[in-house]
Amino acid sequence: MSISRPQLLQAFDALLQPARFKDYGPNGLQVEGKADIARIVSGVTASRALIEAAIDARADAIFVHHGLFWRGQDGRVVGWMKQRLQLLLAHDINLFAYHLPLDAHPELGNNAQLGRVLGLAADARFGEQDLGCVASAQFTDGQALADHVAGALGRTVTLVQPPGALQRPIRRVAWCTGGAQGYFEPAIAAGADAFITGEISEPQAHLARETGVCFIAAGHHATERYGAPAVAAHVAQQAGVEHVFIEVDNPA
C-alpha cells in the first residue's frame, strides 16, 4: 500500500489545520521527495541522525515537529544544512514538518500527549493561540509533582518552587511543551499552582519564588517527543501505510 505525496500532505493539513496558526517557519512539505509513500518515519527534529536512521529504515517520508527552515535563519545551504538536505535529496525522501499546529492538536498534539503521559486531562486553554493547557490535579506540593513528572518522562527535571511560607498544594497544573517559558505569566493568570514546560530562562525562577507558583522545566525534547509519532501513526493507519517512530536522544 502507498499514498501519493499530495494525498499525504492533504491528510496532515486536514488534521493539523496549519492555516490557523501564526508560526515561525513553514508548515507542511518542506522537502519534496518521491511521489508515492509507503513508509513514514516520525521523529522530533529533522537532524542528520534522524535522517540517516530514516534512510536505514527505508523511509519514503519523514514527519517531524522541528523542520529545517525557520524565520530569520541564515538562508545559505552550507555546512549542516547542506549535509541534511543532501541526504534527503539523494535518497528522494519527503520531509513534512509541523510546529505550532502539532503542539495544538487537542488529541494527538504535543500538549495533549504530554497531558496523557502525565495523567492530566486538560479542561481549559490559555496563552497565545491557546497553546497552553490547564488541568485539575492532586499533589501535596511542587516536589511531589516534580517527582511525578520525572518518573513519567524518565529523566531529571528542574523544579523552582516558592519559599516555604508560599508553598501550597497543587490543585491546578498548567503546561505547554518545548520552549514555552514565556507562557509562565499567562499560566499564573489562568490560576495555575504549577507550570510545566521544557525550558527555563532567568526570569522564571524569580517569578516562581515571588508568585507562589511552581515552575518545572522537564526538557524541550522530552516534553515534545509524543506528538509527532501520535499524528504520524494516526495518518499512516488511515492511509494504510507503514509508520516507524525513531527516537534520537537529546538531553535538552
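Now for a quick tour of the structure. Just so it is clear, the structure is predicted and the values come from calculations on it, not from any experiment.

## Concerning the overall build of the chain
And step 1. Scanning the chain from terminus to terminus reveals 10 helices and 13 strands.
And step 2. Its C-alpha atoms give the chain a radius of gyration of 19 Å, within 12% of the compact-globule value 18 Å for 252 residues.
And step 3. Taken along its principal axes, the extent of the C-alpha atoms in the chain is 60 × 40 × 30 Å.
And step 4. Counting every position in the chain, which comprises 252 residues, the buried fraction comes to 50%.

## A look at the sheet that holds strand S4 (residues 39–42)
And step 1. Ordered in space as S2-S6-S5-S4-S13, the 5 strands form an open sheet in which the pairing is mixed. Bordering the open sheet on either side are strand S2 (28–31) and strand S13 (242–245), each of which pairs with just one other strand. Each adjacent strand pair in this sheet contributes to an overall mean axis angle of 30°, direction not counted.
And step 2. Strand direction decides the pairing type here: S4 and S13, joined by 4 bridges, are parallel.

## Quick look at the packing of aromatic side chains
Any aromatic ring pair is given by two values, namely how distant the centres are and how the planes are angled relative to each other.
And step 1. Evaluated as defined, the whole model comprises 9 aromatic pairs.
And step 2. Ring geometry for phenylalanine 126 against tyrosine 183: centres 6.2 Å apart, planes inclined by 70°, an arrangement best described as edge-to-face. Here phenylalanine 126, found in strand S7 (residues 124–126), pairs with tyrosine 183, found in the loop between strand S10 (170–175) and helix H7 (184–189); they are 57 residues apart in sequence, far enough to count as distant.
And step 3. For tyrosine 183, a relative accessible area of 13% gives the class buried.
And step 4. When the centroid spacing of 5.0 Å and the interplanar angle of 80° are considered together, the rings of phenylalanine 184 and phenylalanine 215 count as edge-to-face. Of this pair, phenylalanine 184 sits in helix H7 while phenylalanine 215 sits in strand S12 (residues 214–217), and the two are 31 residues apart along the sequence. Summarising the burial analysis for this pair, phenylalanine 184 and phenylalanine 215 share the class buried.
And step 5. Three or more aromatic residues joined by ring pairs form one cluster here, namely Phe126, Tyr183, Phe184, Phe195 and Phe215.

## Digging into the side chain of aspartate 103
And step 1. Among the secondary structure elements, aspartate 103 is positioned in helix H4 (residues 100–104).
And step 2. Despite its burial, aspartate 103 pairs with no opposite charge; the closest candidate is arginine 125, at 9.0 Å N-O.
And step 3. Those residues in contact with aspartate 103, other than ones at most four positions away along the chain, are His65, Gly109, Asn110, Asn111, Leu131, Thr177 and Glu224.

## As for the environment of alanine 35
And step 1. Following the sequence through the fold, alanine 35 ends up in the loop between S2 and strand S3 (36–37).
And step 2. Taking the relative accessible area as the measure of exposure, alanine 35 reaches 43% and is therefore partly exposed.
And step 3. Along the chain, alanine 35 and glutamine 138 lie 103 residues apart, while their C-alpha atoms are 50 Å from each other.
And step 4. Ignoring any residue separated from it by four or fewer positions in sequence, one finds alanine 35 in contact with Ile3, Ser4 and Arg5.

## Quick notes on the packing of helix H1 (residues 5–16) against helix H10 (residues 227–239)
And step 1. Between H1 and H10, whose axes approach to 11 Å, the crossing angle comes to 125°. Here H1 is positioned oblique relative to H10, judged by the angle of their axes. Note that H1 runs across H10; the crossing there is right-handed. Within the contact between the two elements, H1 uses Leu8, Ala11, Phe12, Leu15 and Leu16 and H10 uses Val231, Ala232, His234 and Val235.
And step 2. By residue class, the composition of the contact of H1 with H10 is 8 nonpolar, 1 polar and no charged.

## Quick notes on the pattern of salt bridges
And step 1. With the rule as written, the count across this model stands at 8 salt bridges.
And step 2. The residue glutamate 247 makes a salt bridge to arginine 225 at a minimum N-O spacing of 3.0 Å. In this pair, glutamate 247 sits in the segment after S13 while arginine 225 sits in the loop between helix H9 (220–223) and H10, placing the two residues 22 residues apart along the sequence.
And step 3. For arginine 225, a relative accessible area of 22% puts it in the partly exposed group.

Rules and cut-offs
Residues numbered from 1 in each chain as written. Predicted model: local features only at pLDDT ≥ 70, side-chain atom pairs only at ≥ 80, totals over all residues. Heavy atoms only, no water. Helix = DSSP H or I, 4+ residues; strand = E, 2+ residues; numbered from the N terminus. Rg over C-alpha atoms; globule rule 2.2 N^0.38 Å. Buried < 20%, exposed > 50% of the residue type's maximum accessible area, 1.4 Å probe, protein only. Pairing = 2+ DSSP bridges. Axes fitted to C-alpha atoms, helices over the stretch in contact; angles between N-to-C directions. Phe/Tyr/Trp six-rings, centres within 6.5 Å; stacked < 30°, edge-to-face > 60°. Lys, Arg positive; Asp, Glu negative; His and termini not counted. Salt bridge = Lys/Arg side-chain N within 4 Å of Asp/Glu carboxyl O. Contact = heavy atoms within 4.5 Å. Parallel < 35°, antiparallel > 145°, perpendicular 65-115°, else oblique. Left-handed = near helix turned anticlockwise from the far one by under 90°. Nonpolar A, V, L, I, M, F, W, Y, C, P; charged D, E, K, R; others polar.

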